[in-house]
Amino acid sequence: MIEIKDLHKNFDDLEVLKGVDLTIRPAEVISILGGSGSGKSTMLRCINGLEEISSGSVVVDGLDVTKKDELKAVRKKCATVFQQFDLYPHLKVIENITLAPVQVLGVSKTDATNKARALLESVGLGDKADVYPAQLSGGQKQRVGICRALAVGPDYILLDEVTSSLDPEMTAEVLEILKNLANDGMTMISVTHEIEFAREISNRIVFLDQGKILCDLPTADFFSADGGMADPRIAKFLSKMGTGS
Amino acid sequence: MYGDDGFTIFDLQLWAEGLGISAWVFITSSILGLLFGVLIGLIRYYRISVLGKILMLISEFLKNSPVLVQLFLVYFGIPALLMIDLSPVEAAIITLSGNTAAFIAVIVISSIDAIDKKQLEAARSFAMSEWQILKLIIYPQSLAFAMPMLVGLAINQLQVTSLVSVIGVVDLTRVGDIVNLRTFEPFIVWPVIGATYFVLAKMIGIAGSKLENRFNRYKRVTNI
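Residues numbered from 1 in each chain as written. Chains lettered and ligands numbered in written order. Predicted model: local features only at pLDDT ≥ 70, side-chain atom pairs only at ≥ 80, totals over all residues.

### Overview of the interface of chain B and chain A
Put simply, an interface is often sized by how much accessible area is lost when its parts join up. Applicable threshold: It is the C-beta atoms, placed from the backbone, that decide contacts: two residues are in contact if theirs lie within 7 Å. Any residue outside Ala, Val, Leu, Ile, Met, Phe, Trp, Tyr, Cys, Pro, Asp, Glu, Lys and Arg is labelled polar, Gly included; the first ten of those are nonpolar and the last four are charged.
Across the contact, 20 residues belong to chain B and 23 residues belong to chain A. Split into classes, the residues belonging to the side of chain B that touches chain A amount to eleven nonpolar, six polar and three charged.

Structure follows, in structure tokens:
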């Protein structure tokens with residue numbers, strides 16, 4: 001379980017998160033929506049300590065991310081997939097995936113490689129194990145990014161706008177994989193602009209506005225006329241994104 | 001056996017000894033310079049206290065003043081200051097190591113800067129330690145970036161070793177001077193000495209470009 005309590009985050013004078021409370025239970029799939037600058041990516045980055053929190057608390061399965069020794073354990077539980085993939089360019093695809101399992105979890109190279117090959121196979125990249133990231137398309141890179149995250153056997157997957165750098169066709173191939181993961185019961189927190197995707201995979205939708213949670217509703221309620229849509233700010237956001245009715 | 005003019009077999013021996021001294025000064029000062037330069041660069045990169053700033057200030061001085069002046073400073077200055085004996089070869093190695101380190105530090109910093117920092121964040125998010133990140137992600141990529149600069153620096157520092165002859169180190173250049181004074185054959189002696197440096201520099205260049213190819217393999221793949 002991830003428990004975020006009264007989370008504040010400032011960048012110098014700019015207050016990005018102004019007291020966020022959120023609890024994520026196992027097997028939940030939560031989409032975090034909100035306009036640019038609403039603080040949604042920052043919130044995600046606070047969960048695994050990529051951003052230092054200003055006040056409040058973030059606790060993952062009883063581990064406090066503000067404590068250095070506990071942060072490492074949190075990071076072993078939470079794997080992130082990044083908007084710009086952020087693969088290691090000097091390593092082959094397979095090495096990108098096995099690096100953390102071998103170095104951090106102490107898995108043997110053989111076991112890590114076998115698992116990585118199986119993961120690549122499952123996302124349709126079985127033949128790309130021995131190429132470098134520069135030889136892949138954006139969609140393929142992101143699928144490797146997903147494999148890299150899954151390879152550490154995470155309890156939580158954090159998705160940071162994973163389709164924002166992809167064209168619609170590549171987006172579809174990545175979303176398909178994530179949808180399957182959600183169906184398999186993986187706990188996921190997804191920051192996204194893909195309203196339709198959020199609608200399809202999430203149990204809950206959290207709408208962030210100016211650093212505060214405006215609403216936190218089950219997906220069906222969020223999209224119903226008397227639920228989230230009743231709030232003019234959410235209705236406006238959804239209509240700008242070209243969905244919601 | 002020593003004639004007033006004409007070359008003897010001993011000139012060849014002298015040449016080999018000079019070559020040995022030049023190579024020794026070059027290799028030791030390159031290794032020491034590399035070690036200290038990397039250390040200074042890393043201290044600066046990780047912003048360890050004011051030490052980084054002080055070391056960079058010293059590097060600035062070493063980069064922007066003549067090596068010959070530094071050589072005199074070390075050779076005449078250190079023995080007087082510390083009341084110790086310093087042989088010309090020791091002074092030469094100390095000076096060239098410091099000078100090389102100053103240039104290496106700058107190369108290290110710019111090579112690390114050239115890496116996309118977001119992948120380091122990704123590695124951190126996977127619970128990798130800073131040491132693992134340095135060793136497995138920063139080092140191989142910055143080395144690939146630094147390789148051409150390191151090769152250029154090495155070739156340049158090889159030529160700079162010829163300056164140590166002025167404090168009495170009997171290196172390749174000094175050997176040239178000695179043989180030339182005896183034989184009065186400057187158009188034979190100096191081309192031979194020059195060609196020796198040329199061959200050494202070429203060897204460094206060839207070895208360097210081989211290494212460069214190896215470290216840059218991941219960059220030369222075709223994009224789709």
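### Looking at the sheet that holds strand E5 (residues 63-64) of chain A
All names here are of chain A. Quick reminder of the rule: Strand pairing follows a simple DSSP-based rule, namely that at least 2 bridges must link the two strands. The helix count covers DSSP runs of H or I at least four residues long, the strand count covers runs of E at least two residues long, and both are numbered beginning at the N terminus.
The strand order across the open sheet built from four strands is E2-E1-E4-E5, with neighbouring strands paired in antiparallel fashion. Each having just a single partner strand, strand E2 (14-24) and E5 make up the two edges of the open sheet. Here two bridges tie strand E4 (residues 55-60) to E5, and the two strands are oriented antiparallel to one another. Paired with valine 59 across the two strands is aspartate 64, which belongs to E5.

### A word on the confidence of the model for chain B
Filter applied, for reference: The predictor attaches a confidence to each residue, and that confidence, scored 0 to 100, is pLDDT.
Taken residue by residue, chain B gives an average pLDDT of 92. The fraction at 70 or more is 96%. Reported confidence for the predicted complex is 0.92 by ipTM and 0.88 by pTM.

### Some thoughts on the environment of A:Lys141
Residue and element names in this part refer to chain A. To keep it simple, the criterion reads: Exposure classes come from backbone-placed C-beta atoms, where a residue is buried if 20 or more other C-beta atoms lie within 10 Å of its own, exposed if 12 or fewer do, and partly exposed in between.
Structurally, lysine 141 can be placed in helix H5 (residues 138-151). The exposure class assigned to lysine 141 is buried, which follows from the 25 C-beta atoms found within 10 Å. A sequence separation of 56 residues divides lysine 141 from phenylalanine 85, and the C-alpha atoms of the two residues are 6.4 Å apart. Aside from chain neighbours lying at most four places away, what touches lysine 141 is Phe85, Leu87, Pro133 and Leu136.

### Looking at the sheet that holds strand E7 (residues 156-160) of chain A
The strands making up a sheet associate through backbone hydrogen bonding, with each pair oriented either parallel or antiparallel. Residue and element names in this part refer to chain A. Operational definition: Here an axis means a line fitted to C-alpha atoms, over the contact stretch when the element is a helix, while the angle between two N-to-C directions is reported on a 0 to 180 degree scale.
Overall, mixed pairing links the six strands, which are arranged E6-E7-E8-E3-E9-E10 in an open sheet. The strands lining the two open edges of the sheet, one partner per strand, are strand E6 (78-81) and strand E10 (212-218). Each strand axis lies, on average, 15° off the axis of its neighbour in the sheet, ignoring direction. The pairing of strand E9 (residues 204-209) with E10 spans six bridges and is classified as antiparallel. Residue aspartate 209 lies in a different strand from E10, and its bridge partner there is lysine 212.

### Quick word on the nonpolar core
How we decide: The term nonpolar core means buried Ala, Val, Leu, Ile, Met, Phe, Trp, Tyr and Cys residues held together as one set by C-beta atoms within 7 Å.
A:Cys147 and A:Ile189 are the most contacted members of the largest nonpolar core, which totals 95 residues. The element best represented in this core is helix H4 (residues 88-113) of chain B, accounting for nine residues. When sequence neighbours within four positions are dropped, the list of residues in contact with A:Cys147 reads A:Ile97, A:Ala116, A:Leu119, A:Leu120 and A:Val123. In terms of nonpolar packing, the next biggest core, distinct from the first, is built from 15 residues, B:Val25, B:Phe26, B:Leu71 and B:Leu158 among them.

### Things to note about the packing of helix H1 (residues 9-45) of chain B against helix H2 (residues 51-63) of chain B
Residues and elements named next belong to chain B. As a reminder, the rule being used: Working definition: roughly parallel below 35 degrees, roughly antiparallel above 145 degrees, roughly perpendicular at 65 to 115 degrees, and oblique for all remaining angles. By convention the crossing between two helices is left-handed if the near helix lies anticlockwise of the far one by an angle smaller than a right angle, and right-handed if it lies clockwise.
Where H1 meets H2, the axes come as close as 8 Å, and the angle between the chain directions of the two elements is 135°. The orientation of H1 relative to H2 falls into the category oblique. For H1 against H2, the interelement crossing comes out left-handed. Packed against H1, whose contacting residues are Ile40, Ile43 and Arg44, the element H2 presents Leu51, Gly52, Leu55, Met56 and Ser59 at the interface.

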